[in-house]
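Topology and contacts: notes
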Number of protein chains: 2
Amino acid sequence: MSEEKIKRTELSELGEFALIDHLASGINLKNSSSKKGIGDDAAVIDNNDLLTLVSTDLLVEGIHFDLTYMPLKHLGYKAAVVNFSDIYAMNGIPQQLVVGIAVSNRFSVEALEELYAGIRLACEKYHVDLVGGDTTTSPSGLFLSLTIIGSAQKNEVVYRNTANENDLICVSGDLGSAYMGLLLLEREKAVFNANPEMQPDLDGYDYLLERQLKPEARKDIVELFKTHKLIPTAMIDISDGLASEILHICVSSNKGCALYEDKIPVDISTVTLCDDFNIDPTTAALNGGEDYELLFTVSQKDYEIIKEFQEVSIIGHITEKNAGTNLITRSGQSAPLTAQGWDSFRK
Amino acid sequence: MSEEKIKRTELSELGEFALIDHLASGINLKNSSSKKGIGDDAAVIDNNDLLTLVSTDLLVEGIHFDLTYMPLKHLGYKAAVVNFSDIYAMNGIPQQLVVGIAVSNRFSVEALEELYAGIRLACEKYHVDLVGGDTTTSPSGLFLSLTIIGSAQKNEVVYRNTANENDLICVSGDLGSAYMGLLLLEREKAVFNANPEMQPDLDGYDYLLERQLKPEARKDIVELFKTHKLIPTAMIDISDGLASEILHICVSSNKGCALYEDKIPVDISTVTLCDDFNIDPTTAALNGGEDYELLFTVSQKDYEIIKEFQEVSIIGHITEKNAGTNLITRSGQSAPLTAQGWDSFRK
């Protein structure tokens with residue numbers, strides 16, 4: 001025993017996704033009601049025709065949010081909405097929310113009220129019930145743990161590993177704006193730190209700030225699916241950037257893809273600010289993250305339906321696996337997609 | 001605006017339960033599937049005959065556990081079991097577990113493996129599936145968030161607010177032992193800190209240490225209920241000490257109680273160590289906490305069944321509200337019960 005050196009692998013060597021895979025390896029589901037475990041936007045529990053969906057998020061001050069520019073009410077709203085988004089990404093309806101909060105005594109009751117006001121506002125808007133929680137002390141900082149429970153009809157739930165060759169790849173809204181909102185806030189924070197007399201220069205960027213500070217989940221798109229009786233073949237929400245998410249779909253579906261750079265929806269204010277920051281807007285869209293838009297695939301036969309969706313862009317198609325996962329650039333070049341999504345262990 | 005001073009209420013002024021009540025006040029459940037929200041061991045979601053139960057716990061290093069004497073594997077096991085206990089306390093069966101972990105880079109992948117090994121061992125033993133989670137970075141320390149999902153037949157779920165006058169008050173196992181195990185570990189830690197050459201003196205206290213470091217949830221008692229077709233009238237698990245928990249039952253049921261000091265089950269090793277520490281064993285049982293035994297009430301008509309349960313003690317009865325919540329001491333005196341349960345905000 002004493003001759004063996006205890007092995008120490010740094011968390012950063014694995015990264016978040018590999019770590020979860022590693023820790024969860026070899027887990028076999030035993031209960032007949034456990035339909036889907038680790039590896040999608042939400043776990044799926046079978047209650048006969050109605051499936052229960054469960055997803056959880058842990059948010060850490062200084063890692064996932066910065067209270068210098070994120071008001072507590074916005075933080076609560078965003079934390080809740082981001083969680084709802086995971087249920088919409090399964091084509092389900094979020095219904096019950098459970099919230100765990102650990103805070104240091106640097107926070108007052110009034111501060112927690114603000115945080116809760118944001119959570120409650122989101123619950124109200126999305127028709128979700130706050131049904132439970134745990135509130136406790138932390139030695140330092142604020143930790144938020146949210147678990148959302150939703151439901152979906154058995155024949156309507158959409159996983160990420162079920163994309164088929166030739167399916168159209170679609171995305172709602174526009175991409176990269178939340179990331180540019182973050183860069184803007186960080187720039188103004190740096191300016192403020194250098195000279196507290198300076199007033200922040202955020203004019204004209206309301207949209208980008210709102211995308212970062214008060215994002216919405218695409219309830220409307222899931223409702224459109226129901227109205228049009230359209231069921232995507234695969235779906236995921238974009239939290240880590242388009243590149244990372246389409247790779248999740250392709251790898252888990254054992255497929256490839258072709259994404260067209262000129263089809264990727266980017267808002268004009270994102271382009272303008274990218275110019276300021278000397279960032280390629282496509283890079284912001286591919287790797288920025290926190291868009292909380294829905295990325296999904298539909299069968300070609302549904303083209304006539306999906307092309308009428310105002311807020312949805314068709315950005316490519318699924319290919320066979322051997323064709324690889326590629327971005328077709330504006331100049332017609334094909335370049336392999338690589339995920340540079342956000343990984344808290346490597347930050 | 002500027003004349004008003006912003007009000008600041010310290011978290012410690014409210015305490016944990018009052019804070020939760022305060023933050024959750026005025027929440028109305030909107031979804032028909034939300035049967036029970038904040039205020040019991042678990043939230044209850046209606047799926048026709050089968051109810052889904054959800055409970056969550058947030059555990060913070062330095063507040064809820066001390067890694068100097070709590071091995072990571074034990075921590076994982078305990079965190080999971082404590083969560084399962086909340087579902088048993090609703091007379092349900094825990095089935096799916098979701099785990100959020102935030103760790104600083106002081107922890108290695110191997111350390112997380114140990115933690116997960118404990119969680120997985122508990123899941124195996126209690127036949128629970130680990131179905132999801134979130135693993136992320138923390139600036140310092142270890143934060144664990146566990147959410148357990150269970151199920152119960154609609155006619156079998158047991159709440160805490162449904163105790164009736166004259167019901168018998170029952171408790172499984174023995175009380176105060178986990179608390180004395182904690183005091184023992186803290187004493188040995190202090191000795192070790194004073195002189196690292198000292199060997200810990202834990203001999204003869206295996207039971208108390210196991211109660212603190214590797215508690216079990218009372219799955220067996222819930223199974224006995226099913227075997228004997230006995231449904232308690234109210235139930236809660238003992239995490240904060242007998243006094244705090246019986247007060248939860250009485251206040252929410254709008255009743256009083258009479259507990260008999262001489263009926264409270266205390267293990268002989270708890271009594272011995274209490275003697276060492278000059279602590280009244282009844283105080284350890286009433287206020288120690290972390291026993292994870294089930295405290296429940298049954299109708300008098302079920303006396304013949306419950307008296308045959310080897311591991312259950314009848315410790316008193318429910319009274320009308322105006323009679324108050326009292327402990328009848330060994331000397332026959334009646335003394336009002338007060339909750340001095342553990343509150344992380346006042347620690």
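Given the structure is predicted, the values throughout are model-derived calculations rather than measurements.

About the cut-offs
- Residues numbered from 1 in each chain as written.
- Chains lettered and ligands numbered in written order.
- Predicted model: local features only at pLDDT ≥ 70, side-chain atom pairs only at ≥ 80, totals over all residues.
- Contact = placed C-beta atoms within 7 Å.
- Helix = DSSP H or I, 4+ residues; strand = E, 2+ residues; numbered from the N terminus.
- Nonpolar A, V, L, I, M, F, W, Y, C, P; charged D, E, K, R; others polar.
- Axes fitted to C-alpha atoms, helices over the stretch in contact; angles between N-to-C directions.
- Parallel < 35°, antiparallel > 145°, perpendicular 65-115°, else oblique.
- Left-handed = near helix turned anticlockwise from the far one by under 90°.
- Pairing = 2+ DSSP bridges.
- Core = buried A, V, L, I, M, F, W, Y, C linked by C-beta atoms within 7 Å.
- Buried ≥ 20, exposed ≤ 12 C-beta atoms within 10 Å, placed from the backbone.
- Domains from an automatic or database assignment.
- Least-squares fit on C-alpha atoms with pLDDT ≥ 70 in both.

With that settled, consider the interface of chain B and chain A. Residue-level contacts link 68 residues of chain B with 68 residues of chain A. Listing elements by their share of the side of chain B that touches chain A, those giving two or more residues are α1 (11-14), α2 (16-24), β2 (43-47), β3 (50-60), β4 (93-103), α4 (109-126), β5 (129-137) and β6 (142-153) of chain B. When grouped by side-chain class, the residues that make up the side of chain B that touches chain A number 28 nonpolar, 29 polar and 11 charged.

Attention shifts here to the packing of helix α3 (residues 72-88) of chain A against helix α4 (residues 109-126) of chain A. All names here are of chain A. Interaxial distance between α3 and α4 falls to 7 Å at its minimum, and their mutual angle equals 40 degrees. The pairing of α3 with α4 is recorded here as oblique in orientation. The interaxial crossing formed by α3 with α4 has right-handed handedness. Seen from α3, the contacting residues are Leu72, Lys73, His74, Leu75, Gly76, Tyr77, Ala79, Ala80, Val81 and Phe84; seen from α4, they are Ala111, Glu114, Leu115, Tyr116, Ala117, Gly118, Ile119, Leu121, Ala122, Cys123 and Tyr126. Looking at side-chain class alone, the contact of α3 with α4 contains 16 nonpolar, 3 polar and 2 charged residues.

This part takes up the sheet that holds strand β1 (residues 34-36) of chain A. All names here are of chain A. Strands sit in the order β1-β2-β3-β6-β4-β5 across an open sheet of 6 strands; the sheet is mixed. With partners counted over all chains shown, the strands left at the sheet margins are β1 and β5 (129-137), one partner each. Between one strand and the next, the sheet's axes are offset by a mean angle of 20 degrees, whatever the strand orientation. Relative to strand β3 (residues 50-60), strand β2 (residues 43-47) runs antiparallel, the two being bridged by 5 bridges. The partner of Asp46 across the bridge, within β3, is Leu51.

Moving on to the nonpolar core. Counting residues in hydrophobic clusters, the biggest one holds 200 residues, and the most contacted among them are Ala80(A), Leu97(A), Ile246(A), Ala80(B), Leu97(B) and Ile246(B). Contacts of Ala80(A), omitting those with residues within four sequence positions, involve Leu97(A), Ile119(A), Ala122(A), Cys123(A) and Leu146(A).

Our next topic: the domain arrangement of chain A. Often, the extent of an interface is quoted as the loss of accessible area upon association of its parts. Residue and element names in this part refer to chain A. According to the domain assignment, chain A consists of domain 1 (34-153) and domain 2 (168-336). For domain 1 and domain 2, the distance between their C-alpha centroids amounts to 23 Å. With 16 residues of domain 1 at the interface, the matching set in domain 2 holds 18 residues. Counting residues per element, the side of domain 1 that touches domain 2 draws most heavily on α3, which supplies 9 residues. Residue classes in the side of domain 1 that touches domain 2 are distributed as 9 nonpolar, 4 polar and 3 charged.

Let us look at helix α6 (residues 206-213) of chain A. For α6(A), the full list of buried residues reads Leu208(A), Leu209(A), Arg211(A), Gln212(A) and Leu213(A). Elements in contact with the buried residues of α6(A): α3, α5 (177-194) and α9 (268-277) of chain A.

Moving on to the pairing of β6(B). On any regular strand, side chains alternate: one points to one face of the sheet, the next to the other face. Residue and element names in this part refer to chain B. Of all 12 residues in β6, 11 are buried, a share of seventy percent or more. Note: β3 against β6, 11 bridges, orientation antiparallel. When the bridges of β6 are listed, Leu51 appears paired with Ala152. In this structure, β4 lies alongside β6, joined through 10 bridges in antiparallel fashion. Its bridge partner lying in β6, Gln96 is registered against Ile149.

Moving on, we come to the packing of helix α5 (residues 177-194) of chain B against helix α6 (residues 206-213) of chain B. Residue and element names in this part refer to chain B. In the contact formed by α5 and α6, the axes pass within 7 Å of each other and the chain directions differ by 100 degrees. With respect to α6, the axis of α5 lies roughly perpendicular. Contacts between α5 and α6 involve Ser177, Ala178, Met180, Gly181, Leu182, Leu184 and Leu185 on the former and, on the latter, Tyr207, Leu208, Leu209, Arg211 and Gln212. When grouped by side-chain class, the residues that make up the contact of α5 with α6 number 8 nonpolar, 3 polar and 1 charged.

Here we come to the relation of the copies chain B and chain A. In summary, the two copies of the chain are related to each other by a rotation about an axis coupled with a shift along it. Mapping chain B onto chain A calls for a rotation angle of 180 degrees and an axial translation of 0.0 Å; the resulting RMSD is 0.0 Å. Within this description, the copies of the chain are treated as partners about a two-fold rotation axis. A share of 100% of the interface residues of chain B reappears at the interface of chain A, consistent with the copies meeting face to face through the same patch.

Attention now moves to the environment of Leu168(A). Residues and elements named next belong to chain A. Along the chain, Leu168 falls in strand β7 (residues 168-172). Placed 138 residues apart in sequence, Leu168 and Ile306 show a C-alpha to C-alpha distance of 9.6 Å. Apart from residues no more than four positions distant in its own chain, Leu168 is found in contact with Thr297, Val298, Gln300, Tyr303, Ile306, Ile314 and His317.

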